[in-house]
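Residue-level structural notes
In case you want the letters, here they are:
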Amino acid sequence: QVQLVESGGGLVQPGGSLRLSCVASGSIFSINAMGWYRQAPGKQRELVALINTGGTTNYVDSVKGRFTISRDNAKNTVYLQMNSLKPEDTAVYYCTCNRLGYTYWGQGTQVTVSS
């Protein structure tokens with residue numbers, strides 16, 4: 001079992017920044033890809049960004065150039081730096097990881113972009 005705990009969400013004005021963090025604990029050996037999904041009210045959950053153990057990243061087109069995913073393998077932590085935030089980025093953000101073919105999810109953290 002892997003436990004994922006997110007932090008760093010909150011309320012921010014358009015154009016502002018937030019940094020999300022997610023710490024993995026438990027059976028963390030053999031975790032490969034880690035990343036972030038989000039789900040806005042009335043919409044399906046969508047992939048935001050992924051990073052593998054080698055540091056290769058993948059982003060949804062709507063956040064390219066604004067969001068940066070990074071990973072500290074020694075701390076079992078993945079980060080999502082979000083800049084130039086827009087109201088359409090408002091969602092619950094979920095941390096995820098894949099281990100031995102199984103996907104684990106965090107509880108989610110709310111990000112609200114509003115003036």
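It should be noted that the structure appears before, not after, this text.
Residues numbered from 1 in each chain as written. Predicted model: local features only at pLDDT ≥ 70, side-chain atom pairs only at ≥ 80, totals over all residues. Heavy atoms only, no water.

**Brief notes about unusual backbone geometry**
Trans peptide bonds make up the majority, and among non-glycine residues the majority have a negative phi. In this structure, Asn76 takes a positive phi of about 55° despite not being glycine. Inspection of the secondary structure puts Asn76 in the loop between strand S7 (67–72) and strand S8 (77–82). With a relative accessible area of 24%, Asn76 lands in the partly exposed category. (Helix = DSSP H or I, 4+ residues; strand = E, 2+ residues; numbered from the N terminus. Buried < 20%, exposed > 50% of the residue type's maximum accessible area, 1.4 Å probe, protein only.)

**Some words on the pairing of strand S4 (residues 31–39)**
Direction of pairing for S4 relative to strand S9 (residues 91–99): antiparallel, over a ladder of seven bridges. The residue bridging Gly35 from the neighbouring strand is Thr96, located in S9. Here S4 folds back onto strand S5 (residues 46–51) in antiparallel fashion, the turn holding six residues, of which Gly42 has a positive phi close to 75°. (Pairing = 2+ DSSP bridges.)

**Some thoughts on the sheet that holds S8**
The strand order S1-S3-S8-S7 describes an open sheet built from four strands, whose pairing is antiparallel. Strands at the two margins of the open sheet, each flanked by one partner only, are strand S1 (2–7) and S7. Neighbour-to-neighbour, the strand axes of this sheet turn through a mean angle of 15°, independent of strand direction. As paired elements, strand S3 (residues 18–26) and S8 share six bridges and run antiparallel to each other. Among the inter-strand pairings, Arg19 is bridged to a residue of S8, identified as Gln81. (Axes fitted to C-alpha atoms, helices over the stretch in contact; angles between N-to-C directions.)

**Concerning the pattern of salt bridges**
With the rule as written, the count across this model stands at four salt bridges. Residues joined in a network through salt bridges with shared partners are Arg38, Glu46, Arg66 and Asp89. (Salt bridge = Lys/Arg side-chain N within 4 Å of Asp/Glu carboxyl O.)

**Side note on the state of the cysteines**
What the rule picks out here adds up to one disulfide. Sulfur of Cys97: no disulfide; nearest cysteine sulfur belongs to Cys95 and is 6.8 Å away. (Disulfide = S-S within 2.5 Å.)

**Digging into the side chain of Thr96**
In this fold, Thr96 is placed in strand S9. A relative accessible area of 3% places Thr96 in the buried class. Looking at Thr96, its side chain comes within polar contact range of the main-chain oxygen of Tyr104, at 3.0 Å. Leaving out residues up to four positions away in the same chain, Thr96 has contacts with Leu4, Ala33, Met34, Gly35, Trp36, Tyr37, Thr103, Tyr104 and Trp105. (Polar contact = N/O pair within 3.5 Å; in protein donor to acceptor, adjacent residues only side chain to side chain. Contact = heavy atoms within 4.5 Å.)

**Quick look at the nonpolar core**
Here is a general trend for soluble globular proteins: nonpolar side chains tend to be buried in one another's company. If you look at the biggest cluster of nonpolar residues, it comprises 29 residues, and the most contacted ones within it are Leu4, Trp36, Leu80, Met82 and Tyr93. At the level of secondary structure, the elements contributing two or more residues to this core comprise S1, S3, S4, S5, S7, S8, S9 and strand S11 (109–113). In this structure Met82 touches Gly16, Ser17, Leu18, Leu20, Arg66, Phe67, Tyr93 and Val111, once residues within four positions along its chain are discounted. (Core = buried A, V, L, I, M, F, W, Y, C linked by side-chain atoms within 4.5 Å.)

**Remarks on the packing of aromatic side chains**
Enumeration over the complete set of coordinates arrives at two aromatic pairs. Between Tyr102 and Tyr104, the aromatic rings sit 4.8 Å apart at their centres with planes inclined by 65°, giving edge-to-face as the arrangement. The ring of Trp105 carries Arg45 above its face, with NZ or CZ at 4.7 Å from the centroid. (Phe/Tyr/Trp six-rings, centres within 6.5 Å; stacked < 30°, edge-to-face > 60°. Lys NZ or Arg CZ within 6 Å of the ring centre and 35° of its normal.)

Such coordinate-based values are descriptive only and should not be taken to indicate function.
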